[in-house]
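# Observations on the model geometry
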Amino acid sequence: MTGEMPQRHHPWLESADDTVLADTAILQAVAHPLRIRLLGLLRLHGPSTATKLAAQVGESSGLTSYHLRNLASAGLVTDAEPDDLAGIRQTGGRERWWKAVHRFTSVPATPAPGDETSEAVREDYVRTMLANYSGASQRWLATAHAWPKQWRDTAGFSDVILQLTPDEAIRLQQEIYELTAKYRRHQPGGTVEPDQAIIAAQFLVFPHPDQEPPPG
């Protein structure tokens, strides 16, 4: 929901409007730890204000407002409409409400050959996203003690070292996406039933870095 999605078919996408195809300018705008977090919160929970988001991320509302405006300049967030706020409890006043424009960000798997600027921007974005994934895991570990055991038992961290061709590695990712498509999707701002929780199903597929790259 909040991160990189290579440009391949994903069975759980509802429509093309759900996804922004990220060019270099968009990646430059979003490749910042706090902006990634703010965009993710809006995609996860629905419309919010700079003040509410500031409380969630532990920053000042002035700082979150600044980064939200940068995200808006890139077309990633916009002002929430009255219909977007239906059912949301508001405290009065005229504070600006923001919403995410898309639910997913699609990033080209590799930049065009020789495009060093795009390559550097994409690498910066990917580093920021990986740090965001790690941060989410660390926040879970810091708060897990407050959850009932039945929910703590659902958390698992593991890896499997495989030996694959490029086509097999791509097919592995596709099959994982198809598996997740069988389960209920979280809707931003939607109702979470008493026996449910929002689950982050994260996975990473990449060539192990502790080896020499193969020829070609």
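Residues numbered from 1 in each chain as written. Predicted model: local features only at pLDDT ≥ 70, side-chain atom pairs only at ≥ 80, totals over all residues. Heavy atoms only, no water.

On to a nonpolar patch on the surface. Residues Leu-130, Leu-204 and Phe-206 make up a contiguous nonpolar surface patch of about 320 Å² in total accessible area. Tracing the chain through its elements places Leu-204 in the segment after α7 (166–180). (Patch = residues over 30% accessible without salt bridge, like charges linked within 9 Å, V, L, I, M, F, W, Y side chains within 5 Å. Areas by Shrake-Rupley, 256 points an atom, 1.4 Å probe, with all protein chains shown as cover. Salt bridge = Lys/Arg side-chain N within 4 Å of Asp/Glu carboxyl O. Helix = DSSP H or I, 4+ residues; strand = E, 2+ residues; numbered from the N terminus.)

Right, let's get into the pattern of salt bridges. For the structure on display, the rule yields four salt bridges. In this structure, Arg-96 and Asp-79 form a salt bridge, with 2.5 Å as the shortest nitrogen-oxygen distance. Here Arg-96, found in the loop between β4 (77–79) and β5 (97–100), pairs with Asp-79, found in strand β4; they are 17 residues apart in sequence, far enough to count as distant. In this structure Arg-96 comes out as partly exposed when scored by relative accessible area, which is 42%. With a relative accessible area of 31%, Asp-79 lands in the partly exposed category. (Buried < 20%, exposed > 50% of the residue type's maximum accessible area, 1.4 Å probe, protein only.)

Attention now moves to the sheet that holds β4. One open sheet accounts for three strands, arranged β3-β5-β4; its pairing is antiparallel. Edge strands, defined here as strands with exactly one partner in the open sheet, are β3 (48–49) and β4. Sheet topology note: the β3/β5 ladder contains two bridges and is antiparallel. Residue pairing for β5: Ser-48 is matched across the bridge by Trp-98. (Pairing = 2+ DSSP bridges.)

Overall, the coordinates contain three aromatic pairs when judged by the stated rule. Judged by centre distance (5.6 Å) and plane angle (65 degrees), the ring pair of Trp-140 and Trp-147 falls under edge-to-face. Overall, Trp-147 belongs to the partly exposed group, its relative accessible area being 33%. When the ring of Trp-147 is compared with that of Trp-151, the centres are 6.3 Å apart and the planes differ by 75 degrees; the resulting orientation is edge-to-face. (Phe/Tyr/Trp six-rings, centres within 6.5 Å; stacked < 30°, edge-to-face > 60°.)

Moving on, we come to the pairing of β5. Along any regular strand the residues' side chains alternate between the sheet's two faces. Note: β4 against β5, three bridges, orientation antiparallel. Within β5, the residue paired with Asp-79 across the bridge is Trp-98.

Side chains of strand β6 (residues 104–107) alternate between two faces, with Phe-104 and Ser-106 and Thr-105 and Val-107 buried alike. Looking at chain direction, strand β2 (residues 19–21) and β6 are connected through three bridges and run parallel. The residue of β6 that forms the bridge with Thr-19 is Phe-104.

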